[in-house]
Amino acid sequence: MTTLEASPVTRTERSGFDHEHVALECGPRSGLPITVAVHSTRLGPALGGCRVWQYPDWQSGMEDALRLSAAMTLKCAVAGLDTGGGKSVITLAPGEVLDGDRRRAAMLDLADIVDVLGGSYRTAEDVGTSAADMQIVRERTAHVFGLPTASGGIGEPAEPTAVGVYSALRATVDRAFPGSGLAGLRITISGLGQVGSRLARTLAAEGAVLTVSDIDGGKLALAQEIGARWVRPEDAPAVPADVFVPAGVGGVLTDEVIDGLDCRAVVGPANNQLVRPDGADRLAARGILWAPDFVANAGGALFAILADGENRGYDEVLARVNLIGSTLGELFDRAERAGITPLAAAHAAADERLGRG
């Protein structure tokens, strides 16, 4: 196992490396590159799910783990959790599928890396993994959240995440379209996974005019069921809409995509939506209100920590998740007062909690 560690002396902006610990291993059972990145434990042990995804190479998978873990630090700080940020990524080659015995092997490989960290990082379900996968991880380490409900766990976080994104969307609509409700609002959802599909059903029930897309053509059935227009994923950002909802994988908001957006607001559950941080300035310059992704999608982290880590009841957890909209509204206020972007306001709020302000 290769590990990269940084002391407080060397973790500087000049070095460009501010993670506390990064472990990279070729899983001895699965033969797959596995990265576990611990960005910060300043507020408490790090939390971050395990992502199984296809990348061009192992370096790209490691880089994604670094980005996602840093975003988790921001997410937990702004959400008021006494939790740090981490992430794990199991890298697949393009076109590679992980199933059967090899999937089990990969989860056991991940578990061994997590266990060596001694609780400084707790993993959970993420894109490409499930509560059933976390049950396998649990065979070799106690540092895992989100076990199946049949095993006494809290299950997967899709529903709380969707509730939180809905709260964030309402706050964003209230700011971008004062006095407007969701009925009749044109909303494009790009990505109909577990969170995106839940959000689509909720918004359709409220009378929003939906356009949807997904890389899985089988999701067309859901579009037909809820009366939504179907478009190709590459066409979704440019569809004329009031709100664009990135609900797939990250990196959707490139300069080209931002310049082609035909909407007034962007808010959604996808992580790391901006390819570059200055994308927030580019959006603002076009008059597009962007809700920082790590604020909008914090419902899953709140669910994991409060329900699994602190044994809070489901209703209590959902009440906390529903406050995401209020948190976002406060950040919008802060941004307006200071003449900065919502992203800069969110970073400032996180820095204050992390003692970096």
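Residues numbered from 1 in each chain as written. Predicted model: local features only at pLDDT ≥ 70, side-chain atom pairs only at ≥ 80, totals over all residues. Heavy atoms only, no water.

Looking at an unreviewed UniProt entry, the chain carries the name Leucine dehydrogenase, with the source organism given as Rhodococcus maanshanensis. Per its UniProt entry, the chain bears the Sequence similarities (unreviewed entry) comment "Belongs to the Glu/Leu/Phe/Val dehydrogenases family." (UniProt positions renumbered as here; feature names shortened; annotations may be inferred.)

## Focus on the overall build of the chain
For the chain, the helix and strand inventory stands at 13 helices and 13 strands. Taking 357 residues into account, the globule formula puts the C-alpha radius of gyration at 21 Å, and the chain, at 19 Å, falls close to it. Each principal axis of the C-alpha distribution contributes one length, and for the chain these read about 55 × 45 × 40 Å. Looking at the chain residue by residue over its 357 residues, the buried ones come to 55%. Restricting to contacts in the chain with at least 6 residues of sequence separation, those with at least 24 account for 62%. On the chain, roughly 14,800 Å² of surface is accessible, and the fraction owed to carbon and sulfur atoms is 50%. Each charge sign in the chain was given a centre, from 32 positive and 45 negative side chains, and these centres are 2 Å apart. (Helix = DSSP H or I, 4+ residues; strand = E, 2+ residues; numbered from the N terminus. Rg over C-alpha atoms; globule rule 2.2 N^0.38 Å. Buried < 20%, exposed > 50% of the residue type's maximum accessible area, 1.4 Å probe, protein only. Contact = heavy atoms within 4.5 Å. Areas by Shrake-Rupley, 256 points an atom, 1.4 Å probe, with all protein chains shown as cover. Lys, Arg positive; Asp, Glu negative; His and termini not counted. Charge placed at Lys NZ, Arg CZ, Asp CG, Glu CD.)

## Points about the packing of aromatic side chains
Aromatic ring pairs are reported here in terms of the distance separating the ring centres and the angle at which the planes meet. Taken as a whole and judged by the stated rule, the model has one aromatic pair. Note on Phe303 and Tyr314: the rings are 6.1 Å apart at their centroids and 90 degrees apart in plane angle, and the pair reads as edge-to-face. Highlighted residues: Phe303 in helix α10 (residues 299-309) and Tyr314 in helix α11 (residues 314-321), separated in sequence by eleven residues. You can call Phe303 buried: its relative accessible area is 3%. With a relative accessible area of 39%, Tyr314 lands in the partly exposed category. (Phe/Tyr/Trp six-rings, centres within 6.5 Å; stacked < 30°, edge-to-face > 60°.)

## Details of the UniProt feature "active site" (unreviewed entry) in the chain
If you check UniProt for "active site" (unreviewed entry), the listed places come out as Lys87 in our numbering. Inspection of the secondary structure puts Lys87 in strand β6 (residues 84-92).

## Describing the pattern of salt bridges
Counted by the stated rule, this structure contains 26 salt bridges. Notably, a salt bridge pairs Arg140 with Asp112, separated by 2.5 Å at the nearest N-O pair. With Arg140 in the loop between α3 (131-137) and α4 (158-176) and Asp112 in helix α2 (residues 100-116), the pair connects residues that are 28 residues apart, well separated along the chain. In this structure, the salt-bridge partner of Arg175 is Glu336, at a minimum N-O distance of 3.3 Å. Taken together, the residues span a long stretch of sequence, with Arg175 in helix α4 and Glu336 in helix α12 (residues 324-338) at a distance of 161 residues. On the basis of relative accessibility, which here comes to 27%, the residue Arg175 falls in the partly exposed class. Here the salt bridges share partners, and the residues they tie into one network are Arg51, Asp64, Arg67, Lys87 and Asp126. (Salt bridge = Lys/Arg side-chain N within 4 Å of Asp/Glu carboxyl O.)

## A short note on unusual backbone geometry
Its identity is not glycine, yet Asn272 carries a phi of approximately 45 degrees, on the positive side. Of note, Asn272 is situated in the loop between β12 (265-266) and α8 (279-285). Despite not being glycine, Asn311 shows a phi value in the positive range, around 55 degrees. On the secondary structure map, Asn311 appears in the loop between α10 and α11.

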